[in-house]
Amino acid sequence: MRPENYQAVSHPPSHEYELNIGPNHPGIEGNYALRLTLEGDIVVAARADAGYLHRGFEKLMEGRLWMQNIALVPRICVPDPAHMEICYALGVEMLGGLEVPARAQWIRVMQLELSRITAHLFYFGGVAATMGMYSNMFWGVADRDLVLDLFEEFTGGRVYSMFNVPGGVRRDLPDGFLGKLKALLDYLESRLEDYDNLFFSNYVVVHRSRGTGPMNRQQALEWGVTGPNLRATGLAFDVRRDDPYLVYDQIEFDIPTEEAGDALARILVRRRELQESIRILRQVAEQLPYIKGPVRCPLPNPLAWNVPAGDSYARVESSKGELAYYTVSNGGDKPWRVHIRGPSQMHAVQVLENLSVGSRIEDIAQIMFTLDACPPEVDR
Amino acid sequence: MSEINYKSRGSILNPLRTLSFLARKPVTLPLEPRAAAPNYRGFHLNDWEKCIGCSTCQKICDNEAITMIHIPELPEDPVQGVRAQRPAIDYGRCCWCGLCVDVCPTASLSLSREYIHTCEQHELDSYFILPDPHGMHKRFYDHGWRKTADEDLIDLQRQSMPEREPVERLQSFDEFIDGYDTQAAILEASRCVQCGMCHDSCPAHMHAPEYIRAIWEQDLEEAVRQIYRTNPFAHVCGRVCTRRCESACSIGVRGEPVAIRWLKRYAMDHVSHERIRAIAGGQRSGNSSGRRIAIVGAGPAGLTAAYDLAREGHAVTVFEALPEAGGMMRYGIPSYRLPAERIADDIDVIRSMGVEIRCNIRIGQDITLAQLHENHDAVLLGIGLQFGRSTRIPGSDHPGVHSAVDLLRRIRLGEFVAVPPAAVVIGGGNTAMDMARSLARLQIAQHGLACVTITALEDREHLLADQEELRETGEEGITILPARGPQRCDIDDSACIDGLFTVAVRSIYDEFGRFAPCYDDSDVQLHRAGMVVEAIGQQADLALLGEELTERLAWDRGRLQTDNRGQTSEPWLWAAGDLVNGPDVIHAVADGHRAATGIGAWLAEFAEATA
Amino acid sequence: MEESKELTGWLERVLEEFHGVKVQRKAARRMRIDIDADALPALLELLQGRAGYVHLSAISCVDWIDDGQFELVYHVLSYETGTLVSAHIRIARDPGVYLSVYDLYPPAAFFERDIHEMFGVYFEGSPDMEKFILTEWDGPPPMRKEFDTRAYVHATFDWQQYDPEWLREIRARGGGIVE
């Protein structure tokens, strides 16, 4: 909302005041605005204001060929692009009956888990910054950079990999890649202890985040919360387990949960998920040399590719929650409708508003960051 | 899973733990530029030698970041499929997805391992670049993302065409190519990238990209409509065309070209004849112009001109000396390549435009050219090249030595041609192959066994027949002996042809490129045969012109001289087709169009002048 | 997840009795139900209350301009069985009004607000129908098929004009951009 469009609302004389936070604010994740009504330090009402990152992806995708959309799709969620690409590819594969070769599925799992690690490393830095600790951000971004180097090696792009096409992936792994992956996993595991000492075991962090923005199971289910935020209330629901896709049913991993449902629980769930991702990646690195074959099923000429008419709903577990694509085709060479359901559409709007009410102003940033509310997903 | 010990209280000694960091390696990156990963998608590199300017990259780019730039100095060759255009990229729009690299038919585009470009606000023009092999900043950072053999977005292999086995083929003169079924046609049509090289190289500039797209969309009537914009002989060309389009096809640079000829055949075969007539009949001018035009020769040139002129509203009469219309298509190409029914279908469509075709009338004999000139406003000669050339070797005047053109005509007329158990054909072009394969079939029918030998001056790589013909001829058991020249015919005591002596060829052209074959007289072979056929070229039969007209007309090295539209030095007399431009169906069709346009324009001027 | 039936037996029988309901299994954990627009709230109530479909994953809107209809799809998920049921209804494009299911599923508020903004469908009973993403947009609902983004861009914005040196040199020699 531009300043010139702001209409001042007159309040009766009281001790309530309105405060706009955002859209460019270090306490806000991404470009997003919150209009808070405060009474002293306590938030009385909150209203989210989105739209600063609206790029019109759903409309753009209707005007481009199925293959051309792979370039648009990762840009919808900035910190965690691999999930967007793979969900789109899964949706088109369901529509077109394309069978993805086994090697491609394992490579996709590797891509997803590496992307989850980068998202969580970024997340820890962000959350720490809301509490005034900036070292974690530096560490997180530096370690994330090493993972991005791996992305650059095998996908060709550091953040927006544009590596998945419906039917598989675009290139096979380069030689020696799995060795580098294993070395990086060892390095990340060795760093976890440092992160624990700095952040997760830090008494100040624990004290500040315990009890902040609490949610119980009932509220979580009612408000449509998914992903780590739901698992922080004690419900072990994970799309990878409940609605398995790719080869997750062949991989061993646990679903970490916490009981308290507050900010600390949300942080700890993600900390444990990072370890689980490393565990999954180790299994993938073990298996990949034995899975041979093409990395893509044969596809027609992208300029002459019609997908059969129908609709499909593809769901994946992104680092933030349940990500889903509803893809409709009318039998042509362009999608008829692509509807993207990002997890932050619940978290950044209703949940954030509801949790903000009754909390203190200094905790607002923490609530937003621990919910991992990602505005690009809300705006598309 | 290790437990996080977050319940412990703080201790004053905790910060001392950080001293351990002094012992660790700092996380630091060097300041020097580092090489990007081998797969990195950096800025574009384009190999101008390989790039043909097909603009497929422009089509696949989802941000419309690529513009084609015409650069005059570059080579441009429509026949080979090379354009003097290269892609330029707007980095304000490009998102570095690499789809252009993956789709490029010639694999000339790649992305480099360069990371960074910066500029000030006033230097925004630097965002629009023309990629060359050296890199955006004139410093070559190695190739990054490039096309590999497995990761091509284009299918380099053609759908195979089902055909009958050679043994079965030889049993008859039936057509042995089955044609694509619907699934194969859709798959083959989907390989096309719509670059338009085929359109540029076709002599008649057929709208191939449009009809291929229509076939892919299964709108076959639209395909027929697009075909008829330029070619009323699509049944014929869909079987026997020389396929300049396929030589120019971009996919053919690294793979097999799109089977444009077979797709044309598929579209024509799968639409009913009545619908084809209706579609071709559109866009006729209803008015009659009152002009009368005579066309001599019902071959592709003459009939195409007739089709065009009749649609303009002129009264056209075509005179044909042989019993059926079709010219060389009907009487020069064997029926296993081109059945007479398909020619008749095409000609029926032309007749339905109001063209009158009168067969069994020989101009110069039954009617003179002068009479035609009296009764018509213009006369178009589309008489083709009806005589075969002779080698003039000793013995070539013997009755057992035939010319291929004559024999093929007699076979097509349905005459019985007695063929001895062994025969030799001299010549290495398509006509020689047609002749040899026809003789082989006749031998199977008459003797149960085929024995035909072909001798040609050219060596194996330079034989003039096209590759498919050579392959099929070889499959049918015919021996091809390249680099052998005919020396003399061997005649036995009973004055019958007994064989042909050939001598090895050392070279065909002299240092000036003139035809001057040089033989190695020590290497002579005798090929036993009861019949020798000469298939070394064709000549025109211009007796119909008569002495007086022949004197008046302008000639150019033995050929009738025409301007670029087909008009001779006599304004009412026009010529088109093989007579003017050498043997080939599609060239004849293109010629027919030019002549028709020329005649129409000339008549309009003439009308204005006399009005 | 254990292989219990996604819809309890009696619910399937009840659905069969509904007029105009078509149930179709699309994949292992996907089911499609086509139902009349009036019957949808009852269906959702049954699914939620009696079959455990407590999670509303999304509400999607598809513009079938040639049919003159909007298709609204309600995707509900049961955590116990892991199955997603998509309930499809069609409403007339003009006037484009429907009921809100906010009282059943609070997440619906976001989707209904989004669909209202993007497609112009009004949901009666939805708590908040104000603009969310396109707060300063005064054109037609942009996700409708008749809204042409290309025409809008041509009318509203200027294209970047580039004039680099290499292009000037090529133009001087007779070349240039191929249109």
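Residues numbered from 1 in each chain as written. Chains lettered and ligands numbered in written order. Predicted model: local features only at pLDDT ≥ 70, side-chain atom pairs only at ≥ 80, totals over all residues. Heavy atoms only, no water.

### Points about a nonpolar patch on the surface
On the surface, B:Ile12, B:Leu13, B:Leu16, B:Leu19 and B:Leu22 cluster together to form a nonpolar patch covering roughly 620 Å² of accessible area. Relative to the elements of secondary structure, B:Leu22 occurs in the segment before strand 1 (44-46). (Patch = residues over 30% accessible without salt bridge, like charges linked within 9 Å, V, L, I, M, F, W, Y side chains within 5 Å. Areas by Shrake-Rupley, 256 points an atom, 1.4 Å probe, with all protein chains shown as cover. Salt bridge = Lys/Arg side-chain N within 4 Å of Asp/Glu carboxyl O. Helix = DSSP H or I, 4+ residues; strand = E, 2+ residues; numbered from the N terminus.)

### Here's the deal with the confidence of the model for chain C
In low-pLDDT regions, the fine details of the predicted coordinates are not to be read closely. Counting all residues, the mean pLDDT for chain C is 84, and 92% of those residues have values of 70 or more. Per the prediction output, this complex has pTM 0.87; the corresponding ipTM is 0.87. (pLDDT = per-residue confidence, 0-100.)

### Considerations on the pattern of salt bridges
With the rule as written, the count across this model stands at 87 salt bridges over all chains. The residue C:Arg173 makes a salt bridge to B:Glu73 at a minimum N-O spacing of 2.7 Å. You can see C:Arg173 sitting in the loop between helix 5 (165-172) and strand 8 (176-177) and its partner B:Glu73 sitting in the loop between strand 2 (66-70) and strand 3 (85-90), one on each of two chains. According to the relative accessible area criterion, C:Arg173 is partly exposed, its value standing at 42%. Residue B:Arg337 is joined to B:Glu469 by a salt bridge in which the shortest nitrogen-to-oxygen separation is 3.0 Å. With B:Arg337 in the loop between helix 13 (328-331) and helix 14 (340-351) and B:Glu469 in helix 18 (residues 467-475), this residue pair connects regions lying 132 residues apart in the sequence. Classification of B:Arg337 as buried rests on a relative accessible area of 17%. (Buried < 20%, exposed > 50% of the residue type's maximum accessible area, 1.4 Å probe, protein only.)

### Details of the sheet that holds strand 22 (residues 573-575) of chain B
Residue and element names in this part refer to chain B. Strand order across the open sheet formed by five strands is 8-7-6-9-22, with parallel pairing between neighbours. Strand pairing shows two members of the sheet lacking a second neighbour, strand 8 (356-358) and strand 22, which therefore form its edges. With strand direction ignored, the average angle separating the axes of adjacent strands in the sheet is 20°. Note: strand 7 (residues 315-319) against strand 8, three bridges, orientation parallel. Each residue of the ladder has a partner; that of Val318, found in strand 8, is Ile357. (Pairing = 2+ DSSP bridges. Axes fitted to C-alpha atoms, helices over the stretch in contact; angles between N-to-C directions.)

### Points about the interface of chain A and chain C
At the interface, 44 residues of chain A touch 47 residues of chain C. Around 3700 Å² of area is buried between chain A and chain C when both sides are counted, 54% of it from carbon and sulfur atoms. When the buried area of chain A at its contact with chain C is split by residue, A:Lys59, A:Tyr313 and A:Trp336 rank highest and sum to 19% of it. Counting every contact that joins chain A to chain C gives seven salt bridges. Of the charged contacts in the structure, one is a salt bridge between A:Asp243 and C:Arg29, with a shortest N-O distance of 2.6 Å. In this assembly, chain A and chain C are joined by 21 residue pairs in polar contact (both at pLDDT 80 or more). Of all the elements in the fold, those that place two or more residues in the side of chain A that touches chain C are strand 3 (42-49), helix 1 (57-62), helix 7 (217-223), strand 6 (310-317), strand 7 (322-329), strand 8 (337-341), helix 11 (344-356) and helix 13 (375-379) of chain A. The class makeup of the residues in the side of chain A that touches chain C is 19 nonpolar, nine polar and 16 charged. (Contact = heavy atoms within 4.5 Å. Buried area = accessible area lost by both parts, 1.4 Å probe. Polar contact = N/O pair within 3.5 Å; in protein donor to acceptor, adjacent residues only side chain to side chain. Nonpolar A, V, L, I, M, F, W, Y, C, P; charged D, E, K, R; others polar.)

### Notes on the interface of chain A and chain B
Contacts between chain A and chain B engage 49 residues on the former and 47 residues on the latter. In this assembly, chain A packs against chain B so that about 3900 Å² is buried in total across both faces, 51% of it on carbon and sulfur atoms. When the area that chain A buries against chain B is broken down by residue, the three leading residues are A:Arg170, A:Arg171 and A:Leu303, summing to 19%. Taken together, the connections running from chain A to chain B amount to four salt bridges. Of the charged contacts in the structure, one is a salt bridge between B:Arg213 and A:Asp333, with a shortest N-O distance of 3.5 Å. Scanning the region where chain A abuts chain B turns up 20 residue pairs in polar contact (both at pLDDT 80 or more).

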